[in-house]
Amino acid sequence: MAHPLVSVIVPVFDCRDTVEGALESVFAQTLPAERIEIIAVDDGSTDGGGELLDGLARARDRLTVVHQPNSGGAGAPRNRGLELASGTFVFFLDADDRLGPEALERMTAMAERNGTDIVLGKQVGTGGRRVPKVFDRTIERTHVLDPDCDLFPRMSMAALQLFRRSLIERAGLRFTEGLLSHEDQLFTAGAYLNAGGVSVLADHDCYLWAARADGTSSTQVGGAPTADVHAIAHRAMALVAEHAEPGELRERLHHRYLQLEVFGRLERLYLDSSAEERKAALTGSRDLLDTWLTPGLLARYNPMRRVLAHCLRHDLVEELEEVLRFHRSGARPPVLLEAGRAYARYPFFRDGAAGIPDACYETSPRLKSALTGVAWNGSGLRIDGTVVIRDVDQGSPEIHLVVESGGVRHRIGCTATPGDLTGEGRTTAFTATFAPAPGSWADGRWTMGLEAVLDGHILTVELVKPRWMSVPRACLVEADGRRRLVRPLPGRGRGTLALEVGADLTSADLEGVELRRGPGLRLRVLAEPPPVLASGPPPRMSLLLRRSGDETVLRAPLVADPDEPARRHADVSLAGARPGPWRASFEIDGVGTPVPVRLGDAAGTLGPMGASLVPPRRMHVRLDRSPLTVHVTVPLRARLRRARRGLAIRLRTRDNDHDVQEGGP
């Protein structure tokens, strides 16, 4: 039998309804069957799952089934599977989950391509199961001890991954036995810390992670006792300390353990726990903090968790419980701005009896903005919106619009209302009106944001256009002797508000294009050009007709239309124009190159129209989505050509008939 490439280990306990589907997902893998061995370890199932496995094994050569008494968790059956595994790689599959198509082929190929010891394949939650936030991009090779690697804090410690078996044996890795949860914490942490390299496969669904519908999975029923979880966390943090010197890297790796196993468990479980569990939680949490919490690590947590840490370390049990009740209520603490600092006013802030330092409550204020309007007016571009400093109810900020490009930054003052108190804080409406762009502004993209100043704090935020909002079209701006097109962006969708200065003219910049019959056998073209911000007369605008082939150009000025002030029109005479297609375009002096005339969704013809009396000419105007084309024809010439063709045909027919008669019987 060929040496297997991968051993799939499946611990099974009372999963009769799901284990067959889990195994079928392995049988269906695209990796050749002889390259996979499956080891299912029945951990004393009582629902007939063991008998089901035996039946499946009789029909499947590559499925090995092992039976053992119940051990109280997945650790022991996984260890038993490791004793029997012979594959180059090992993959752990839970009996109520499934592998995605091609998962093993893709993961083993990635490991072999990069020489990595671990491949974390994309996990997809089903039935409401939450998955780690590490699958935003594929990473061919990294390591958790690399300074720029953020994998360890964001990943799950579940061992549902591909491991090189030589790593497991070299590092002496095994699962903790007898625990309903957290049995894989030390195994996975040890694997990542000892690995030669790690890969993340994020562009293919590798693992379908399920939550049991009946709520009976080990984590759903509560998992391991708090004391056992804290003991595991102690050992894991000590393992990290063996591989990372004191400092930023160790603190980054340690952060997850206190975040999840101290603060997270307190927030989720403490208030509903028995007195015995509460005592264990307080003792274990305090021991973890006293051993591992450094000032640098403490600074990584939010204010509430810093307050909880102080309460734990100073035996402030009643205060801790009150803070947890406040957190459970869903209320947000008001934020105090004072002398350039900000404080989240959780319970017992500046309570002399509790004596919790202000530093525990210190936070970073957040500025939030909402754009409500963007429009050209007579003097420039007007921008309206609102800002709120989250959870702050004091004062009204001074607001500036900030326009930036290539390191150059301009601050434009805004008018603002005193503000109204809302659920988010004091909301202030603002308006900024300015004339873009002075001659000193370089051509290119200028992004816009907001700056709010209040009580020593200078806060900035991007100004984002909502998806539903339309921005105005481009405007012709004349400043400091320069005439440029300025276009607000983005035109569609959601994105940071910006200005494209010195933009190219496009067909979309001329709206409401329409064709009519003009006076004196002329063609009239009407359009609404871009608005103009200028103290002097507007630039000259023209309609051009260019004949295909010889590039002859006819030009007609676009002049103000007295009946429709927003539009201009051009009257085109084609008298004397040579027959053929003439393509139409608009031109604005000093603003880019001519752009095709487009008629939107109109279709059909306007014509025939007379173009001149002698010789009789007609023009046909094709109305479609392609550039407007005027077709000039000469009916008399066309009739003569048709007559000549008809005469030639008749002559050929007569000659053919004569030849037939001469050659007859």
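Right above here is the structure, for reference.
Residues numbered from 1 in each chain as written. Predicted model: local features only at pLDDT ≥ 70, side-chain atom pairs only at ≥ 80, totals over all residues. Heavy atoms only, no water.

**A few points about helix α12 (residues 303-313)**
Worth spelling out the cut-off: Whether a residue is buried, partly exposed or exposed follows from its accessible area with a 1.4 Å probe, protein chains only, as a fraction of its type maximum: under 20%, in between, or over 50%, in that order. Counting from the N terminus, the helices are the DSSP runs of H or I reaching at least four residues and the strands are the DSSP runs of E reaching at least two. Residues are treated as being in contact if the distance between any of their heavy atoms lies within 4.5 Å.
For α12, a buried count of 10 out of 11 residues is recorded, marking the element as mostly surrounded by other parts of the structure. Restricting attention to buried positions, one finds in α12 the residues Pro303, Met304, Arg305, Arg306, Val307, Leu308, Ala309, His310, Cys311 and Leu312. Contacts made by the buried residues of α12 are with α9 (248-269), α10 (275-292), α11 (295-298), α13 (317-329), β11 (341-344) and α14 (358-361). Looking at the residues trailing α12, positive phi occurs at Asp315, about 55°.

**Details of the pairing of strand β19 (residues 444-454)**
Spelled out, the test is: Any two strands between which DSSP finds at least two bridges are classified as paired.
Two elements, strand β14 (residues 398-405) and β19, share 7 bridges in a ladder whose sense is antiparallel. Bridging across to β19, Val403 finds its partner in Met448. The sheet contact formed by β19 and strand β25 (residues 498-501) spans 4 bridges and is antiparallel. The partner of Gly444 across the bridge, within β25, is Val501. Looking at chain direction, β19 and strand β20 (residues 457-462) are connected through 6 bridges and run antiparallel. What sits directly across from Glu451, in β20, is Thr460.

**Brief notes about the environment of Gly493**
Position of Gly493 among the secondary structure elements: in the loop between β23 (482-489) and β24 (495-496). Each C-alpha atom of the pair Gly493 and Arg467 lies 4.4 Å from the other, and the pair is 26 residues apart in sequence. What Gly493 contacts, discounting residues up to four positions off in sequence, is Lys465, Pro466 and Arg467.

**Things to note about the pattern of salt bridges**
Our working definition: Throughout this description, the term salt bridge denotes a Lys or Arg side-chain nitrogen within 4 Å of a carboxyl oxygen of Asp or Glu.
Within the structure shown, the criterion is met by 47 salt bridges. For Glu514, the salt bridge identified is with Arg516, shortest N-O distance 3.1 Å. Residue Glu514 is classed as partly exposed on the basis of its relative accessible area, which comes to 29%. In this structure, the salt-bridge partner of Glu587 is Arg555, at a minimum N-O distance of 2.5 Å. Taken together, the residues span a long stretch of sequence, with Glu587 in strand β33 (residues 580-588) and Arg555 in strand β30 (residues 553-557) at a distance of 32 residues. Taking the relative accessible area as the measure of exposure, Glu587 reaches 17% and is therefore buried. Here the salt bridges do not stand alone but share partners, grouping Arg78, Asp94, Glu183 and Asp184 into one network.

**Thoughts on the side chain of Arg306**
Rule in force here: For the purpose of counting charges, residues Lys and Arg are taken to be positive, whereas Asp and Glu are taken to be negative. His and the chain ends are not included. Polar contact is the term for a pair of N or O atoms within 3.5 Å; when the atoms are in protein, one must be able to donate a hydrogen and the other to accept it, and sequence-neighboring residues count only if both atoms are side-chain atoms.
Within the element layout of this structure, Arg306 appears in helix α12. One buried charged residue, Arg306, forms no salt bridge at all, with the nearest opposite charge on Glu362 at 6.3 Å. For Arg306, the side chain forms a polar contact with the main-chain oxygen of Tyr301, separated by 2.6 Å. Side-chain polar atoms of Arg306 contact the backbone oxygen of Cys360, separated by 3.3 Å.

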